[in-house]
Amino acid sequence: VRLPLQHFDSAEHDPEDDIAAALSLGSGQPNAAVLVSEPSGGEDWRLGRVHSYDAKAQTFAAHLLGSDGVVDKATAVSAPRLGVYWLHEPVREFAARLASAHAERDRAEAEILFRCYVQSMPTTGVYTLSDTQVERLLERAVPAHRMPAAGKALLRSGAAEALGSEVRL
């Protein structure tokens, strides 16, 4: 299960500006591509005309294009901010917003999982590593053949001590 993508949209993007620009197009003309959920569980991009924005729910209200090529007022849908691609918006801008939202969601999910794993780790009855085991671990983590001077410096520095105390818990 993934976190909803719309929570990671850029706050710099103002939906009210998009509505104003889109409504300046002729009425009855599509002004956006709207991501619509299908009954089968999938999603599909459909042309439509977005006519309002609900700031509290952070969704746009739109009417979809009918089979006759005219906006059908009977097909009312709502879509999150990232579920609307404005026809006046440069494709690269929309793609960058979408990619940024995906990256932020991935980062947030990784952070949540990490915190869950750390909080779920047992801390009682767990054996700690001995000094010899920590030394072997550090020697394998910093191979001498790849960076001889840096590896030896790390093993002698305080960074290795900090890492060792974290490994020992």
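Concerning the overall build of the chain
For the chain, the helix and strand inventory stands at five helices and five strands. When the helices and strands of the chain are placed in sequence order, the string is α-β-β-β-β-β-α-α-α-α. Residue burial in the chain is summarised as follows: out of 169 residues, 27% are buried. Considering only residue pairs separated by 6 or more positions, the chain has 48% of its internal contacts joining residues 24 or more positions apart. Entry remark: accessible area of the chain is about 11600 Å², with carbon and sulfur atoms responsible for 57%.

Points about a nonpolar patch on the surface
Together, Phe 114, Val 118 and Met 121 line one region of the surface with nonpolar side chains, adding up to about 290 Å² of accessible area. Here Met 121 is to be found in the loop between helix 2 (91-120) and helix 3 (131-141). With relative accessibility at 42%, the residue Met 121 sits in the partly exposed group.

What about the pairing of strand 4 (residues 71-80)?
Both strand 3 (residues 59-65) and strand 4 contribute to a ladder of six bridges, which runs antiparallel. Counted as the bridge partner of His 63 is Ala 76 from strand 4. Count of turn residues in the strand 3/strand 4 antiparallel hairpin: five residues, of which Gly 69 carries a positive phi of about 85 degrees.

A few points about unusual backbone geometry
Trans peptide bonds make up the majority, and among non-glycine residues the majority have a negative phi. Despite not being glycine, Gln 58 has its phi angle at roughly 55 degrees, a positive value. Tracing the backbone shows Gln 58 in the loop between strand 2 (43-54) and strand 3. What makes Gln 58 partly exposed here is its relative accessible area of 38%.

Considerations on the pairing of strand 2
Across six bridges, strand 1 (residues 32-37) lies against strand 2 in antiparallel orientation. Residue pairing for strand 2: Val 34 is matched across the bridge by Arg 46. Here strand 1 folds back onto strand 2, and the loop between the two strands holds five residues, one of which, Gly 41, carries a positive phi near 105 degrees. Two strands pair when backbone bridges link them, and strand 2 and strand 3 are joined in this way by six bridges, in the antiparallel orientation. The residue bridging Tyr 53 from the neighbouring strand is Phe 60, located in strand 3. Linkage of strand 2 to strand 3, two consecutive antiparallel strands, is achieved through a turn of four residues, within which Gln 58 is found at a positive phi near 55 degrees.

How each quantity is defined
Residues numbered from 1 in each chain as written. Predicted model: local features only at pLDDT ≥ 70, side-chain atom pairs only at ≥ 80, totals over all residues. Heavy atoms only, no water. Helix = DSSP H or I, 4+ residues; strand = E, 2+ residues; numbered from the N terminus. Buried < 20%, exposed > 50% of the residue type's maximum accessible area, 1.4 Å probe, protein only. Contact = heavy atoms within 4.5 Å. Areas by Shrake-Rupley, 256 points an atom, 1.4 Å probe, with all protein chains shown as cover. Patch = residues over 30% accessible without salt bridge, like charges linked within 9 Å, V, L, I, M, F, W, Y side chains within 5 Å. Salt bridge = Lys/Arg side-chain N within 4 Å of Asp/Glu carboxyl O. Pairing = 2+ DSSP bridges.

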